[in-house]
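Here are the chains, one letter per residue:
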Amino acid sequence: MSSNVIAAPAMLGMLGGGQLGRFFVIAAHEMGYQVTVLDPSKDSPAGKIADVHLCADYDDAKALAQMADNCVAITTEFENVPASTLEKLAESTIVRPSAACVSIAQHRVLEKNFIKEAGLPVAPFVVVNSATDLPEDDSDLYPAILKVARFGYDGKGQARVKNKAEAIAAFGGFKQEACVLEKMMPLDLEVSVVLVRDAQGEIMSFPTVENQHLNGILDISIAPARCSDVVKARAQALAKKLAEALDYVGVLAVEFFLVGNDLLVNEIAPRPHNSGHYTIDACVTNQFEQQVRALVGLPIGSTALHSRAVMVNILGDSWVNNKEPAWQRAFAHANLKLHLYGKPDARQGRKMGHFTVIDKEQEAALNTALIARGELNIGL
């Protein structure tokens with residue numbers, strides 16, 4: 001084993017206690033590691049199963065000092081951890097991905113400009129710092145989507161606008177925070193690539209996945225994507241180019257729009273991704289084990305797909321009249337794997353879990369997934 005490898009049972013750190021952090025803890029435990037989770041919620045899904053849960057804010061000096069003292073390496077489950085927190089921790093321990101990578105991903109203006117300057121294709125856009133930056137009605141950008149630069153996710157912080165007046169109104173609704181105004185493209189498909197890059201620069205990608213959204217939130221992921229091999233390979237090549245440009249270490253997700261034969265980069269996530277959840281049940285090495293491997297310096301695991309898969313998100317909307325969904329109906333499908341995140345309150349739009357159907361045939365997996373989706377009142 002390389003001297004640069006952090007061996008179990010070392011203590012690893014996770015910034016964030018949601019479902020992505022929870023799956024990291026599970027993977028780390030299975031590999032013999034301990035995990036400290038920093039999350040301000042006492043009911044955080046990851047904190048409940050971690051070896052240590054520091055219930056504090058992400059800029060809490062005492063908690064950060066404790067993490068720095070006790071954790072050999074630290075990662076994050078979401079991009080909105082303050083970059084200053086990552087920079088502080090990196091002074092005394094290994095932090096992957098770097099603060100620089102996370103800071104780009106957490107600000108849409110920096111993200112769009114970085115992707116464009118790296119030579120990757122993006123939809124036409126303009127940066128909006130004030131209402132005077134908004135183009136006139138005759139601009140080719142309209143109809144467009146106004147996206148707030150920070151803290152926008154799952155369709156939040158976005159507004160569709162047809163002209164300057166609507167854009168001005170939406171900009172005001174976002175309290176005139178920095179935004180990106182992006183041309184609405186005639187999408188044929190949305191796809192994503194989840195990859196892992198280690199500290200030596202080796203990259204391995206999971207299969208390109210097809211994604212379908214509902215109300216701005218990922219609804220269904222189909223693996224592999226139902227598009228040409230050329231498109232799938234092109235998406236992986238673009239994602240690899242972006243990871244190299246970032247000098248990224250860890251698991252990275254890159255989302256794309258397919259417009260005709262053209263792929264456009266939509267956004268990146270410096271962490272495991274919702275569209276990669278199918279890897280838990282359908283791949284040799286899932287995205288969370290890859291996250292652990294990249295963090296501790298172990299070789300990257302195989303990303304091979306051993307089954308066709310369809311993943312369906314389960315939101316709090318499925319708890320009709322606060323009644324638990326009929327999980328027994330899901331378990332009646334022998335090739336369905338259910339994953340619930342341990343969140344206490346089933347709120348509208350909140351990700352409570354997911355299920356994945358695996359099969360030798362993709363259409364069979366999709367048909368079963370859609371049947372189970374209806375039985376559990378998902379998306380209704």
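Residues numbered from 1 in each chain as written. Predicted model: local features only at pLDDT ≥ 70, side-chain atom pairs only at ≥ 80, totals over all residues. Heavy atoms only, no water.

(A) Main features of the overall build of the protein. The helix and strand inventory of the protein stands at twelve helices and 18 strands. The C-alpha atoms of the protein give 21 Å as radius of gyration, which agrees with the globular expectation for 380 residues (21 Å, within 12%). Buried positions account for 55% of the 380 residues belonging to the protein. Taking all contacts inside the protein whose residues are at least 6 apart in sequence as the whole, residues at least 24 apart take part in 62%. Of the accessible surface of the protein, which amounts to about 16,100 Å², a share of 49% is contributed by carbon and sulfur atoms. (Helix = DSSP H or I, 4+ residues; strand = E, 2+ residues; numbered from the N terminus. Rg over C-alpha atoms; globule rule 2.2 N^0.38 Å. Buried < 20%, exposed > 50% of the residue type's maximum accessible area, 1.4 Å probe, protein only. Contact = heavy atoms within 4.5 Å. Areas by Shrake-Rupley, 256 points an atom, 1.4 Å probe, with all protein chains shown as cover.)

(B) Looking closely at the pairing of strand β13 (residues 217–223). The element β13 is extensively covered by neighbouring structure, given that seven of its seven residues are classed as buried. Note: strand β12 (residues 209–214) against β13, five bridges, orientation antiparallel. Following the sheet pairing, H213 is matched in β13 by L218. Linking β12 back to β13 in an antiparallel pair, the connection comprises two residues, with N215 at a positive phi of about 55°. The pairing of β13 with strand β16 (residues 308–315) spans four bridges and is antiparallel. Considered in β16, the bridge of I222 is made with V310. (Pairing = 2+ DSSP bridges.)

(C) Structural view of the packing of aromatic side chains. In total, this model carries four aromatic pairs according to the counting rule given. Measuring from ring centre to ring centre gives 5.8 Å for F23 and Y341, while their planes differ by 90°; the resulting arrangement is edge-to-face. Linking F23 in helix α1 (residues 19–30) with Y341 in the loop between β17 (336–340) and β18 (351–359), this pair joins segments that are 318 residues apart in sequence. In this pair, the class of F23 matches that of Y341, namely buried. Seen in terms of ring centroids, W319 and W327 are 5.6 Å apart; in terms of plane orientation they differ by 65°. Their pairing is edge-to-face. Accessibility expressed as a relative area gives 13% for W319, which makes it buried. Through a chain of ring-to-ring contacts, the aromatic side chains of F23, F288 and Y341 assemble into a single cluster. (Phe/Tyr/Trp six-rings, centres within 6.5 Å; stacked < 30°, edge-to-face > 60°.)

(D) Examining unusual backbone geometry more closely. With an omega of 0°, the peptide bond running from R96 to P97 counts as cis. Within the chain, N215 stands out as a residue other than glycine whose phi angle is a positive 55°. Relative to the assigned elements, N215 resides in the loop between β12 and β13. For N215, a relative accessible area of 71% puts it in the exposed group. Despite not being glycine, N377 shows a phi value in the positive range, around 60°. Turning to its location among the elements, N377 is positioned in the segment after α12 (362–375). Under the relative-accessibility criterion, N377 is labelled partly exposed at 33%.

(E) Examining the sheet that holds strand β8 (residues 158–161) more closely. Taken together, the four strands give an open sheet; going across it, the order is β6-β9-β7-β8, and neighbouring strands pair in antiparallel fashion. The open sheet has two free edges, formed respectively by β6 (125–128) and β8, since each of these has just one partner strand. Taking the axes of each pair of neighbouring strands and ignoring which way they run, one obtains an average angle of 20° across the sheet. Here β6 pairs with strand β9 (residues 179–183) via four bridges, running antiparallel. When the bridges of β9 are listed, F125 appears paired with E182. (Axes fitted to C-alpha atoms, helices over the stretch in contact; angles between N-to-C directions.)

(F) Representation of the sheet that holds strand β3 (residues 52–54) within the structure. Spatial ordering of the open sheet is given by β3-β2-β1-β4-β5, a layout of five strands whose pairing is parallel. On the outer flanks of this sheet lie β3 and β5 (94–95), each paired with one strand and no other. By the bridge criterion, two bridges tie strand β4 (residues 73–76) to β5 in an arrangement that is parallel. Each bridged residue has a counterpart across the sheet, and for I74 the counterpart in β5 is V95. The sheet strands contacting α1 are β1 (11–15), β2 (34–38) and β4, and the helix crosses β2 at an angle near 165°.

(G) Seen up close, the packing of α1 against helix α10 (residues 287–296). The interhelical angle for the contact between α1 and α10, taken along N-to-C directions, is 70°, at an axis separation of 8 Å. By the criterion of interaxial angle, the relationship of α1 to α10 is roughly perpendicular. Crossing geometry of α1 relative to α10 is assigned as right-handed. On α10, the residues touching L20, F23, F24, A27 and A28 of α1 are F288, E289, Q291, V292 and L295. Tallied by class, residues from the contact of α1 with α10 come to eight nonpolar, one polar and one charged. (Parallel < 35°, antiparallel > 145°, perpendicular 65-115°, else oblique. Left-handed = near helix turned anticlockwise from the far one by under 90°. Nonpolar A, V, L, I, M, F, W, Y, C, P; charged D, E, K, R; others polar.)

That is the geometry; function is a separate question.
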